[in-house]
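# Understanding the architecture of this molecule
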Amino acid sequence: LIPVTKYAVSVATADEAMGTAEVAATEVEEGTEVTFTATAAEGNQFVNWTSGEEVVSTENPYTVAVTAEMALTANFELIPVTKYAVSVTTVDGAMGTAEVSATEVKEGEEVTFTATANLGYKFIGWLANGETVSTENPYTTAVTAEMSLVANFEEIALENEFVVTVDKVDQEWQ
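Residues numbered from 1 in each chain as written. Predicted model: local features only at pLDDT ≥ 70, side-chain atom pairs only at ≥ 80, totals over all residues. Heavy atoms only, no water.

## Here's the deal with the overall build of the protein chain
Looking only at helices and strands, one finds zero helices and 16 strands in the protein chain. Taking 174 residues into account, the globule formula puts the C-alpha radius of gyration at 16 Å, and the protein chain, at 34 Å, lies well above it. Expressed as lengths along the three principal axes of its C-alpha atoms, the size of the protein chain is roughly 130 × 40 × 20 Å. Out of the 174 residues belonging to the protein chain, those deemed buried represent 28%. Long-range pairs, those at least 24 residues apart, make up 57% of the contacts in the protein chain between residues at least 6 apart in sequence. Of the accessible surface of the protein chain, which amounts to about 12,000 Å², a share of 47% is contributed by carbon and sulfur atoms. Across the protein chain, the centroid of the 5 positively charged side chains sits 9 Å from that of the 29 negatively charged ones. (Helix = DSSP H or I, 4+ residues; strand = E, 2+ residues; numbered from the N terminus. Rg over C-alpha atoms; globule rule 2.2 N^0.38 Å. Buried < 20%, exposed > 50% of the residue type's maximum accessible area, 1.4 Å probe, protein only. Contact = heavy atoms within 4.5 Å. Areas by Shrake-Rupley, 256 points an atom, 1.4 Å probe, with all protein chains shown as cover. Lys, Arg positive; Asp, Glu negative; His and termini not counted. Charge placed at Lys NZ, Arg CZ, Asp CG, Glu CD.)

Next comes the structure, spelled out in C-alpha cells:
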C-alpha cells in the first residue's frame with residue numbers, strides 16, 4: 001500500500017466587510033487541484049491572494065495543485081470613485097440667478113441646473129466655454145467631467161409702448 005499524503009487547505013478574508021472567500025475543499029490529497037474563489041462586496045474589488053506577506057496570485061478564481069498545506073487570504077480594495085466639481089454662474093447677476101442641485105458628484109450622476117430671470121429679462125440658454133449647450137430650463141445632465149455652466153439672459157424687448165393718461169373728474173375711484 002502506498003501512503004497517501006493529505007494537506008489542509010484554508011482560506012480567509014483580509015477584511016470581511018470588503019468581501020468573502022471560499023475554497024472547494026479543506027483537506028485534499030497531494031497534487032489535487034483546488035479552486036479559491038473571492039467575492040467582493042458592493043463598492044469593492046478583488047486585488048490578490050496572499051500567503052503571509054507573499055502575493056500568490058491575482059487571478060480570481062485561482063486554481064492550484066496542492067503540494068503542501070495552504071492558507072490563502074483574499075485581499076480587496078475600495079473601487080475608486082471619480083468625483084467632479086460642478087458650478088454655475090450667470091452672465092449678469094442683475095438679469096437673474098442660477099443654481100445647481102449639487103456641487104460635487106460621482107461620475108455619471110445627474111445634476112439639474114435651474115435659472116430664474118429677474119423682472120424685465122428672460123432666460124435664453126446655458127453656456128459652457130461661451131457655447132450654448134442647452135436652452136432647457138431646468139436642464140438635467142449626467143456629469144462626466146468638471147462642469148461649469150453660465151445662465152444666459154436677455155432683456156425682454158417691448159414691442160409697443162403705450163402712454164396711459166388718467167384724469168380724475170370730480171369722482172372717487174371705485
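## What about the sheet that holds strand β15 (residues 139-142)?
Taking strand neighbours across the sheet as the criterion, the three strands line up as β10-β12-β15 in an open arrangement whose pairing is antiparallel. One side of each edge strand has no neighbouring strand; the edge strands of this open sheet are β10 (96-100) and β15. Strand-to-strand twist of the sheet, defined as the mean angle between neighbouring strand axes without regard to direction, takes the value 20 degrees. With four bridges joining them, strand β12 (residues 110-117) and β15 adopt antiparallel strand pairing. Of the residues in β15, the one forming a bridge with V111 is T141. (Pairing = 2+ DSSP bridges. Axes fitted to C-alpha atoms, helices over the stretch in contact; angles between N-to-C directions.)

## As for the sheet that holds strand β6 (residues 54-57)
Strand pairing in a sheet takes place through backbone hydrogen bonds and is either antiparallel or parallel in direction. Strand order in the open sheet formed by five strands is β3-β1-β8-β5-β6, with mixed pairing between adjacent strands. Looking at which strands have only one partner, the edges of the open sheet turn out to be β3 (27-29) and β6. Strand-to-strand twist in this sheet, taken as the mean axis angle between neighbours without regard to direction, amounts to 40 degrees. Across six bridges, strand β5 (residues 44-51) lies against strand β8 (residues 70-78) in antiparallel orientation. Along β8, the bridge assignment pairs Q45 with E77.

## Some remarks on the packing of aromatic side chains
For the structure on display, the rule yields eight aromatic pairs. An angle of 55 degrees between the planes, with centres 5.1 Å apart, marks the rings of F123 and W126 as tilted. Given the relative accessible area of 17%, F123 is considered buried. What links up through ring pairs into an aromatic cluster is the set F36, F46, W49, Y62 and F76. (Phe/Tyr/Trp six-rings, centres within 6.5 Å; stacked < 30°, edge-to-face > 60°.)

## Focus: the pairing of strand β16 (residues 147-155)
When a strand is regular, its side chains alternate between the sheet's two faces. Where strand β9 (residues 83-90) and β16 come together, five bridges link them in parallel fashion. Among the inter-strand pairings, S87 is bridged to a residue of β16, identified as S148. Across six bridges, the pairing between strand β13 (residues 121-128) and β16 is antiparallel. Looking at β16, one finds that W126 is bridged to A151.

## Focus: the nonpolar core
Soluble globular proteins: nonpolar side chains tend toward being buried together. One finds V86, V111, F113, W126, V143 and L149 to be the most contacted residues of the largest nonpolar core, which totals 18 residues. Contributing elements (two or more residues each) for this core: β9, β12, β13 and β16. Setting aside its immediate chain neighbours within four residues, V143 contacts Y84, V86, V105, K106, E107, G108, E109 and V111. Counting 17 residues, the second largest nonpolar core, distinct from the first, contains V9, V28, F46 and F76. (Core = buried A, V, L, I, M, F, W, Y, C linked by side-chain atoms within 4.5 Å.)

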